[in-house]
Amino acid sequence: MSYAGEVREELATLFVKKPCCRRAQLWGLLRFAAAPDGSVRFLTHSHAVAQMTSDLLSDLCHGHNAKIQENRIESLETVATLDMLQNRDVHSTTNHDVGSTKLPTNEHAMHNDQNLENSHTTNAPPNGSVIENTSERDTLPEEEKDHQKKCAFRLTLTSLDMEQLRTSCEIPNGAILPAFVCDKCGAAFLRGVFLGCGNVTDPAHTYHLDFTLNDESTAPALCDALQLAGLTPPRRFCRKGQTVLYYKSSSDIEDLLAYLGATRSVFSLMDAKIYKEIRNDTNRRQNFDLANLSKAVSGAQAHLWAIEVLRHTGKLALLPEQLQTTARLRTTYPDLPLADLAAAHDPPLTKSGLNHRLHKLLQLAREEQTESGVEQIPAKKREQLQKTRSSDQHQKQ
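Residues numbered from 1 in each chain as written. Predicted model: local features only at pLDDT ≥ 70, side-chain atom pairs only at ≥ 80, totals over all residues. Heavy atoms only, no water.

**Notes on the overall build of the protein**
Argument step 1. Within the protein one finds 14 helices and nine strands.
Argument step 2. When the 397 residues of the protein are sorted by exposure, 48% land in the buried category.
Argument step 3. The contacts in the protein between residues at least 6 apart in sequence include a share of 73% that link residues at least 24 apart. (Helix = DSSP H or I, 4+ residues; strand = E, 2+ residues; numbered from the N terminus. Buried < 20%, exposed > 50% of the residue type's maximum accessible area, 1.4 Å probe, protein only. Contact = heavy atoms within 4.5 Å.)

**Quick look at the layout of surface pockets**
Argument step 1. Put simply, the second largest pocket is a space of about 490 Å³.
Argument step 2. Looking at the second largest pocket, it is lined by 21 residues, and the ones nearest its centre are Asn292, Lys295, Ala296, Pro337 and Leu338.
Argument step 3. When contributions to the lining of the second largest pocket are tallied by element, the ones reaching two or more residues are helix 10 (263–313), helix 12 (338–343) and helix 13 (351–372).
Argument step 4. With 10 residues, the top contributor of residues to the lining of the second largest pocket is helix 10. (1 Å grid on protein atoms, 1.4 Å probe; cavity = no way out; pocket = protein on both sides within 12 Å on 5 of 7 lines; lining within 4 Å. Points joined across faces, edges and corners; volume = space filled by probe spheres on them.)

**What about the nonpolar core?**
Argument step 1. In this structure, Leu30, Leu209, Phe211, Leu222 and Leu257 are the most contacted members of the largest nonpolar core, which totals 56 residues.
Argument step 2. In this structure Leu30 touches Val40, Leu57, Leu155, Leu157, Met162 and Leu165, once residues within four positions along its chain are discounted.
Argument step 3. One finds Ala302, Ile307, Ala327 and Ala342 within the second-largest nonpolar core, a separate group that totals 19 residues. (Core = buried A, V, L, I, M, F, W, Y, C linked by side-chain atoms within 4.5 Å.)

**Quick word on helix 8 (residues 219–228)**
Argument step 1. Turning to helix 8, its buried residues are Ala219, Ala221, Leu222, Cys223, Ala225 and Leu226.
Argument step 2. For helix 8, the elements touching its buried residues are helix 7 (185–197), strand 7 (209–213), strand 8 (235–239), strand 9 (242–247) and helix 9 (250–260).
Argument step 3. Directly after helix 8, the chain includes Gly230, whose backbone phi takes a positive value near 80°.

**Some details on the packing of aromatic side chains**
Argument step 1. One pass over the full model with this rule turns up four aromatic pairs.
Argument step 2. Seen in terms of ring centroids, Phe32 and Phe189 are 5.6 Å apart; in terms of plane orientation they differ by 75°. Their pairing is edge-to-face. Of the two residues, Phe32 sits in the loop between helix 2 (19–31) and strand 1 (40–44) while Phe189 sits in helix 7, which places them 157 residues apart along the sequence. Of the two residues examined, Phe32 and Phe189, each falls in the buried class.
Argument step 3. Seen from their ring centres, Phe237 and Tyr246 are 5.4 Å apart, and the 80° between their planes marks the pair as edge-to-face.
Argument step 4. Taking the relative accessible area as the measure of exposure, Phe237 reaches 33% and is therefore partly exposed.
Argument step 5. In this arrangement the basic side chain of Lys276 is found over the ring face of Tyr207, its NZ or CZ atom lying 4.1 Å from the centre. (Phe/Tyr/Trp six-rings, centres within 6.5 Å; stacked < 30°, edge-to-face > 60°. Lys NZ or Arg CZ within 6 Å of the ring centre and 35° of its normal.)

**Points about a nonpolar patch on the surface**
Argument step 1. A cluster of nonpolar side chains, namely Leu290, Leu293 and Val297, defines an oily patch on the protein surface of about 290 Å² accessible area.
Argument step 2. The class of Leu293 is exposed, set by a relative accessible area of 52%. (Patch = residues over 30% accessible without salt bridge, like charges linked within 9 Å, V, L, I, M, F, W, Y side chains within 5 Å. Areas by Shrake-Rupley, 256 points an atom, 1.4 Å probe, with all protein chains shown as cover. Salt bridge = Lys/Arg side-chain N within 4 Å of Asp/Glu carboxyl O.)

**Quick notes on the environment of Leu310**
Argument step 1. Here Leu310 is to be found in helix 10.
Argument step 2. The class of Leu310 is buried, set by a relative accessible area of 1%.
Argument step 3. Placed 59 residues apart in sequence, Leu310 and Gln369 show a C-alpha to C-alpha distance of 9.0 Å.
Argument step 4. Setting aside chain neighbours within four positions, we find Leu310 in contact with Lys315, Leu316, Leu319, Leu361, Leu364 and Ala365.

**Some words on unusual backbone geometry**
Argument step 1. For the bond from Asp346 to Pro347, the omega torsion is 0°, close enough to zero to count as cis.
Argument step 2. Within the secondary structure, Pro347 is located in the loop between helix 12 and helix 13.
Argument step 3. Phi at Glu170 takes a positive value of approximately 60°, unusual for a residue other than glycine.
Argument step 4. If you trace the backbone, Glu170 turns up in the loop between helix 6 (159–168) and helix 7.
Argument step 5. Notably, Lys240 is not glycine yet its phi reads approximately 55°, a positive angle.
Argument step 6. Topologically, Lys240 is positioned in the loop between strand 8 and strand 9.

**Remarks on the pattern of salt bridges**
Any two side chains of opposite charge can pair, on the condition that their charged atoms come close.
Argument step 1. All told, the structure shown has nine salt bridges when counted by the stated rule.
Argument step 2. A salt bridge links Asp215 to Arg31, with the shortest nitrogen-to-oxygen separation between them at 3.3 Å. In this pair, Asp215 is assigned in the loop between strand 7 and helix 8 and Arg31 in helix 2, connecting sequence segments 184 residues apart.
Argument step 3. Arg166 serves as the salt-bridge partner of Glu163, at 3.8 Å between the closest nitrogen and oxygen. Of this pair, Glu163 and Arg166 both sit in helix 6, three residues apart, which is roughly one turn of that helix.
Argument step 4. Exposure remark for Glu163: the relative accessible area of 43% places this residue in the partly exposed category.
Argument step 5. In this structure Arg166 comes out as buried when scored by relative accessible area, which is 8%.
Argument step 6. Taken together, the salt bridges that share partners define one network made up of Asp281, Arg284 and Arg285.

**Structural notes on the pairing of strand 9**
Argument step 1. The element strand 9 is largely enclosed, with a buried count of six among its six residues.
Argument step 2. As judged from the five bridges shared by strand 7 and strand 9, these two strands associate in the antiparallel manner. The residue of strand 9 that forms the bridge with Thr212 is Val244.
Argument step 3. Bridge count for strand 8 against strand 9 is five bridges, and the pairing is antiparallel. Its bridge partner lying in strand 9, Arg239 is registered against Gln242.
Argument step 4. Between the antiparallel neighbours strand 8 and strand 9 lie two residues, among them Lys240 with a positive phi of about 55°. (Pairing = 2+ DSSP bridges.)

Structure, rendered in C-alpha cells:
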C-alpha cells in the first residue's frame, strides 16, 4: 500500500463519536468532491473509506440506503460499487447492471496514478440501483487483503441528492462550511475533505500534499477552514480546469496530518525526514572528503612538476639545503598530506612553514620555465605542466 493509502486508511478508521463531527466529516467528503453543478461521482480504492462513507450515510441521513456489491467489469477485475440513493421505495428495487460499466476516471486520478488511492469525477449518475441497508460494518477477513487491492468503490449523487444531504447534515442554504458545534468538528470536516479530494506523496521521495477541487468556489472556504485550524495557508494553482491547493513544506504537512489525527503517518513522515537528513549529511561529508583529496592530489602534482623542472635544468642542486630536503621528501612521499610531510622533517616543520617552502619551489620553477622555455622540458613533463598549471593557480588563490 502506498503512503497516501496508509494515510487514508488511518483517517477512515478513526472513531468519530459525536453526531456533529460525523455530519461535518461526511459533508466535507462529499461537498468537496462535488462538481460545479452539485453532482458527485466519488471513486476510491480504499475499502475503509468506502465503508466509512456507507456507515455515515446510513447513520446520519434518514431515507438514504447504501449497498456494497461486487461485480465484474470488462477487464474482469473485481469492482465493488457503492451506490447511495434516496427517496426510493425500499420494497420496489431495480437492479442496475454494471457488468459492462467502465471505472470512471478523471484528470486528477490520471496525474497521480501511483500514489492516488481516491479519485472523483463528475459524470452523470446511474438511473437505477440495488437498495439495501448496510449500517453494520462489513470487515473483510485477513486472507482477502490482496483481493482488496483490486477493488474500487463508487458513490454517485445527483445535485438533488446533495441538497437533501445538506438538510440532513444541517448545513445552511448557500453555505459551504458547516457549523463547527464543538472543538473537534473542524478536524473532522478537514478529515472528510482530505478523504474526498486530498492526496499526499511518499515523503521518501518528496514532500507534497494537495487538495484537488472540481468546484473552484470551494477553494476560499477550504482556505478559511485551514486558517481557522491554525494551519499555514496553502498555495494555489490551476491544473487542467481544476483548482489545486497544496503544501510543499514538510513541517506544514506534519502539522496538517497531526491535526487530522493521522498520528502513525506523521511518525512515518518524521522517520523518512530523519533518514533523508542523515543520508544528505553523509553525502555532504563524502563530497567534502573527496574534494579535499582531489585538492591534495592536484597540489602534490604541482609540487612534483616544479621539482622535476628544477632537476631537469640543474637548478635543484644549487638551492639551499632546506629547499632540497623538502623537495626530496616530497618526491619520496608524493601522497603524504602536508601535515604529515611537515612532521617528516628533522626538525619537524609547521604546516605553514612547509607550505612556504613548497610555494618557493613553485615560484622558482615558473621563473625557470620563463627563462628556459617549455621546449627544454621533455614532452612527458610538458604534458604534466599543462595539466597542473590550473591546479597550481587554484591553490595559490
